[in-house]
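Summary of the model geometry
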Amino acid sequence: MQGTVQTRRAFIASTVALGAARGDGFEKLPYKVDPNWPLLPPGWNFQETPGVAVDARDHVYVFHRGQHPILEFTPDGRMVRSWGDSMFIRAHAIRVDPHGNIWVVDNDLHQVLKMDSAGRIRMVMGRFARSGGGPDLFNRPTDVAFAGDGSFYVSDGYGNSRVAKFAADGTFMTAWGRKGDAPGEFDLPHTVLVGPDGKVYVGDRENYRVQIFDADGKFLEQWTHLGSPWGLALAGDNSIFIADGHNNRILQVGLDGSVRGQISSGGKTAGKVDFAHHLAVDSKGNVYVAEIKNWRVQKFVPTFR
C-alpha cells in the first residue's frame, strides 16, 4: 500500500511539475505586488512565515516562527501590535473566524488556540506538546476552518491524516480520513476551508489534490489538476485561491475547480514566491501570501479595479 502511494505521488509530482514548467496555459492574473508592505519597525524581521489572515476590517495578522510571532497590520501595512512571545514552538496557521476571534495552529505543540480580538485565549484544543488520536488530541495539526453554525474543522495533519469536526463549544463531533490515496484518505491534509455552500475543501498536499466533502465528511469529489495545495483561501466573489507550494505559484479557481488564472512564479524577488504556505484575501481582493523560504508576507494588489 505505502509503495503504491509513493509511486503515485511521484508520478503526480513529476506530471504537475512538467505542466507548471510549461505554464499549463493558465492566464496570468492582473496583480502587482506592493513592495512596501508591510512596514515593520527598524530591526524587526519575520522568520519562516507560514500563516496570514484578515479580519472584517481588512486588518492583516501574520504568524511566523521568530520573535513577536503574531503581528497585526492595517491594510496599508502599519503595524498595530504584536504578541505571543514564548507561547509557541512551531507556528503553522492563523485564521480569523466570522466573530473576529483569532485562531492559531501550532504544529509541534499539537494544539489549536482560539483567542479573542484582544489576544486573550478563550479555548484550547489539544494537549500541550502531547500528540495522539481520539477526540481531544492532535498529531501535528495544520489548519482550522469555520462553518456557518459555529462548528469548526481541524486538518490533523502530519501525523493523523484526518479531518476532525467540533461543535462551537469545542465538543468533538466526528473525524474522517487515514493515510492513503483513495477518496477520503490523505497524505498530509495541510489546509481546510468551508465554502459558501457548506462543503469542506481539504488540501491533500502530498497527494496533489483538493478533496471536497459534505459537512459530515462524506466524499463528494476531488480536483487533481491544481498542483500541491498548501493553502486555501476564499475570496469575496466565492472563488478560491490556492497556494501551490511545490510549484511556487498562486492559482485562482471557481467552486467547480475551473482555473481562472495564476499569480506569481518561483523566485526570491518581489512578486515571486518560494514555498508559498498559506494565504488570505481581503474585501478589496488583495491577496496576502505567507512564504516559508523567503521569510515574508507579500501583498498582491489587483490592477483591474
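First, a word on what this report is: a plain description of the structure on this page. (Residues numbered from 1 in each chain as written. Predicted model: local features only at pLDDT ≥ 70, side-chain atom pairs only at ≥ 80, totals over all residues. Heavy atoms only, no water.)

**Some remarks on unusual backbone geometry**
Short version of the rule: A run of DSSP states H or I qualifies as a helix once it reaches four residues; a run of E qualifies as a strand once it reaches two. Both are numbered from the N-terminal end. Working definition: with a 1.4 Å probe on protein chains only, accessible area under 20% of the residue-type maximum means buried, over 50% means exposed, and in between means partly exposed.
In this chain, W37 is followed by P38 through a cis amide linkage whose omega measures -5 degrees. Mapped onto the fold, P38 is located in the loop between β1 (31–33) and β2 (51–54). Phi at Y208 takes a positive value of approximately 55 degrees, unusual for a residue other than glycine. Mapped onto the elements, Y208 comes out in the loop between β15 (200–204) and β16 (209–213). You can call Y208 buried: its relative accessible area is 7%.

**Considering the packing of aromatic side chains**
Heads up, the condition is: Put simply, two rings from Phe, Tyr or Trp (the six-membered ring, in Trp's case) pair if the centres are within 6.5 Å, and we call them stacked under 30 degrees between planes, edge-to-face over 60, tilted for the rest. We call a charge positioned over a ring when the NZ of a Lys or the CZ of an Arg lies within 6 Å of the ring centre and within 35 degrees of the ring normal.
Applying the stated criterion to the full structure yields 17 aromatic pairs. With a centroid separation of 4.9 Å and 80 degrees between ring planes, the pair formed by F63 and F88 is classed as edge-to-face. Here F63 is found in strand β3 (residues 60–63), whereas its partner F88 is found in the loop between β5 (79–83) and β6 (91–96), with 25 residues between them in sequence. What makes F88 buried here is its relative accessible area of 17%. What links up through ring pairs into an aromatic cluster is the set W103, F138, F146, F152, F166 and F172. Its end group placed over the ring of Y158, R140 keeps NZ or CZ at 4.4 Å from the ring centre.

**Observations regarding the nonpolar core**
The condition is simple: For the purposes of this section, nonpolar cores are sets of buried Ala, Val, Leu, Ile, Met, Phe, Trp, Tyr and Cys residues that join through side-chain atoms within 4.5 Å.
F241, I250, I263, L279, V287 and V289 are the most contacted members of the largest nonpolar core, which totals 15 residues. Elements that contribute at least two residues to this core include exactly β19 (240–244), β22 (276–281) and β23 (287–291). For this core, the element with the highest residue contribution is β22, accounting for three residues.

**Things to note about the environment of E206**
In plain terms, the rule: Think of a polar contact as two N or O atoms within 3.5 Å of one another; within protein, one of them needs to be a possible hydrogen donor and the other a possible acceptor, and neighboring residues in sequence only count if both atoms come from side chains.
With respect to the helices, strands and loops of the structure, E206 is situated in the loop between β15 and β16. For the pair E206 and P50, spaced 156 residues apart in the sequence, the C-alpha separation amounts to 17 Å. Polar side-chain contacts of E206 include one of 2.7 Å to the side chain of R205.

**Focus: the pairing of strand β7 (residues 102–106)**
Rules: Whether two strands pair depends on DSSP finding at least two bridges between them.
The buried count for β7 comes to five of five residues, which makes it a mostly enclosed element. Residues I102, V104 and D106 of β7 are buried on one face, and the alternating residues W103 and V105, pointing to the opposite face, are buried as well. Where β6 meets β7, five bridges bridge the pair, whose relative direction is antiparallel. Residue pairing for β7: I94 is matched across the bridge by V104. What sits between the antiparallel neighbours β6 and β7 is a turn of five residues, in which G100 has the positive phi angle 85 degrees. When β7 meets strand β8 (residues 111–115), the two strands line up antiparallel, connected through five bridges. Bridged to D106 within β8 is Q111. Linking two consecutive strands that pair antiparallel, namely β7 and β8, is a turn of four residues; a positive phi of about 60 degrees is found at H110 within it.

**Focus: the pairing of strand β14 (residues 189–194)**
Taken across its six residues, β14 has six buried, putting it largely inside the fold. With five bridges joining them, β14 and β15 adopt antiparallel strand pairing. Paired with T191 across the two strands is G203, which belongs to β15. Following β14, the chain reverses through five residues before pairing antiparallel with β15; G198 in that reversal takes a positive phi of roughly 85 degrees.

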